[in-house]
Amino acid sequence: AMRATLSRVTGLKYFGTATDNPELTDTAYVEILSNTTEFGQITPGNSQKWDATEPSNGTFTFTEGDVITSLAENNTQLLRCHNLVWYSQPPTWVSGGTWTNETLQAVMKTHITTEMTHYKGQCYAWDVVNEALNDSANFRTDVFYNAMGEDYIRIAFETAAAADPDVKLYYNDYNIEYSGAKATAALGIVTKLVNEGVKIDGVGMQGHYIVGSTPSQSDLITTMETYTALGLEVAYTELDIRMTLPGTDTLLAQQSTDYENVVSACLNVADCIGITVWDFDDKYSWIPDTFSGQGAACLFDEDLNRKPAYYGVVSAL
Ligand code: XIL
């Protein structure tokens, strides 16, 4: 019998995954990554970020990013481009620089324009501003905010719209997918842009969750619909559901239910257009490096075998 796969035709525009350059030497991994019956879309996990693309002021290098974008193109997979302005992983010349509103604005505009021009025609969407809010739902007081105030967000989107009018422009963040102070603050950012007539097309909900603590389906749906009511699309851009290690059969079964639940929420919202997992396998997931003692967050295990979570997603699709 034919096995159901992730990118079987559904109500979604795509089901995709993040990937990263170092993993591409693993041929068994690349074979699954490139299988378009599983993944119709790819996001570069690191190689389009500011530190990777403009390591010193005005010096641009797209070699690593191009490896991933060419792979997606050769595989006929959609590409989500990630990201242009983010407090994390800036080059030190940006984070450690001495800036005025004017000087940092010029540098940010050059970065956005140069990178978007390089990738013009290749991206379905760009994450223009990533994670502008901290966990207390205030603006992060990063180098951008400190120099330009919250206006950096508007300036970034306007610059992006001018650089490539054909690509979808997204605000992307985590813990904004369910009701709470951070969701309210994110809605505030997005609503302000919409009301000011600034081009924004979508909201990316990262979806980094914990097994057994995923938000309820109704909360996810309600939150997404507040954005789609503004005329925007939404997508899960970085979905993974982690657990405290070691994983047990009980945790893996709960994880399967959790994935099914989150994927179903997107399918229940007309303008939830796609789902991207933040890599598809526990072998290369970012989770163990970032959250000590946690992992096993993905659809495939460390040996690239399908987990119960994979089948949970398939049954939701
Ligand atoms: C992560 C990458 O996967 C890691 O390899 C890197 O060390 C740190 O960043 N939110 C985002 C992504 O928007 O860019 C992050 O990716 C994960 C959290």
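These figures come from a predicted structure and were not determined experimentally.

Attention shifts here to the overall build of the chain. In terms of regular secondary structure, the chain is built from 12 helices and 10 strands. By the compact-globule yardstick of 20 Å for 317 residues, the chain fits well, its C-alpha radius of gyration being 19 Å. Structurally, the chain occupies a C-alpha span of about 60 × 40 × 35 Å along its principal axes. For the chain, the residues scored as buried account for 56% of the 317 residues in total. Surface exposure of the chain reaches about 12500 Å², of which carbon and sulfur atoms provide 49%.

Proteins that are soluble and globular tend to have nonpolar side chains buried together. Met108, Val129, Phe144, Phe157, Tyr171, Tyr236 and Leu299 are the most contacted members of the largest nonpolar core, which totals 92 residues. The element best represented in this core is helix α7 (residues 151–163), accounting for 8 residues. Beyond its immediate chain neighbours, meaning those up to four positions away, Tyr236 contacts Glu177, Met205, Tyr209, Leu220, Met224, Val262, Ala265, Cys266, Cys272, Gly274, Ile275 and Thr276. Of all hydrophobic cores here, the second largest spans 6 residues; its members include Tyr14, Ala125, Ala235 and Ile273.

The next subject is the pattern of salt bridges. Evaluation of the coordinates by the stated rule reveals 11 salt bridges. Here Lys283 ties to Asp26 by a salt bridge, and the two come within 2.7 Å at their closest N and O atoms. One end of the pair, Lys283, is in the loop between β9 (272–277) and α11 (287–290); the other, Asp26, is in the loop between β1 (14–19) and α1 (27–33), and 257 residues separate them in sequence. Judged by its relative accessible area of 12%, Asp26 is buried. Measuring nitrogen to oxygen at the nearest pair gives 2.8 Å for the salt bridge that ties Arg154 to Asp151. Taken together, the residues Arg154 and Asp151, both in helix α7 and 3 residues apart, mark about one turn of the helix.

It is worth spelling out the state of the cysteines at this point. Taken as a whole and assessed by the stated rule, the structure comprises 2 disulfides. The disulfide partner of Cys81 is Cys123, and the S-S distance across this bridge is 2.1 Å. Linking Cys81 and Cys123, the disulfide has an S-S dihedral of approximately -80° and is accordingly described as left-handed. Of this pair, Cys81 sits in strand β3 (residues 78–86) while Cys123 sits in the loop between α5 (101–118) and β4 (125–130), and the two are 42 residues apart along the sequence. For the pair Cys81 and Cys123, a shared accessibility class is recorded, and that class is buried. Here the disulfide map of the chain reads 1-2, 3-4, the bonded cysteines being numbered as they appear in the sequence.

Remember that side chains alternate between the two faces of the sheet whenever the strand is regular. Summarising burial for β9: 6 of the 6 residues are buried, a large majority. In this sheet, β9 lies alongside β1 in parallel orientation, the contact comprising 4 bridges. Bridge pairing in β9 links Gly16 to Thr276. Pairing of strand β8 (residues 233–244) with β9 involves 4 bridges; the strand directions are parallel. Residue Leu239 lies in a different strand from β9, and its bridge partner there is Val277. In this region the chain leaves β8, passes through helix α10 (residues 249–267) and returns to the parallel neighbour β9; the handedness of that crossover is right-handed.

What follows concerns α5. Between its terminal C-alpha atoms α5 stretches 26 Å, which fits the 26 Å expected from 18 residues at 1.5 Å a residue. Inspection of α5 places Leu104, Gln105, Val107, Met108, His111, Ile112, Glu115 and Met116 among the buried residues, and these make up the whole buried set. For α5, the buried positions fall inside an angular range of 165° around the axis, keeping them on one side.

Near the ligand the following residues occur: Asn46, Lys49, His82, Trp86, Gln89, Asn130, Glu131, Gln206, His208, Glu238, Trp278 and Trp286. With respect to the ligand, the side chain of Gln206 contributes an N or O atom lying 3.4 Å from a nitrogen atom. Between the ligand and Glu238, the relevant distance is 2.7 Å, taken from an oxygen atom to a side-chain nitrogen or oxygen of the residue. In isolation the ligand exposes 420 Å². Once the protein is present, 77% of that is buried.

With that out of the way, let us pick up the side chain of Gln48. Within the secondary structure, Gln48 sits in the loop between β2 (41–44) and α2 (50–53). Given a relative accessible area of 0%, Gln48 falls into the buried group. At 2.9 Å, the side chain of Gln48 and the backbone nitrogen of His82 are in polar contact. If we ignore the near neighbours within four places in the chain, the residues touching Gln48 are Thr53, Thr69, Arg80, Cys81, His82, Asn83, Glu115, Tyr119 and Trp126.

The rules we used
Residues numbered from 1 in each chain as written. Predicted model: local features only at pLDDT ≥ 70, side-chain atom pairs only at ≥ 80, totals over all residues. Heavy atoms only, no water. Helix = DSSP H or I, 4+ residues; strand = E, 2+ residues; numbered from the N terminus. Rg over C-alpha atoms; globule rule 2.2 N^0.38 Å. Buried < 20%, exposed > 50% of the residue type's maximum accessible area, 1.4 Å probe, protein only. Areas by Shrake-Rupley, 256 points an atom, 1.4 Å probe, with all protein chains shown as cover. Core = buried A, V, L, I, M, F, W, Y, C linked by side-chain atoms within 4.5 Å. Contact = heavy atoms within 4.5 Å. Salt bridge = Lys/Arg side-chain N within 4 Å of Asp/Glu carboxyl O. Disulfide = S-S within 2.5 Å. Pairing = 2+ DSSP bridges. Right-handed = clockwise from strand over helix to strand, strands pointing away. Expected span 1.5 Å × (residues − 1). Arc of directions from axis to C-beta. Near = heavy atom within 4 Å. Polar contact = N/O pair within 3.5 Å; in protein donor to acceptor, adjacent residues only side chain to side chain.

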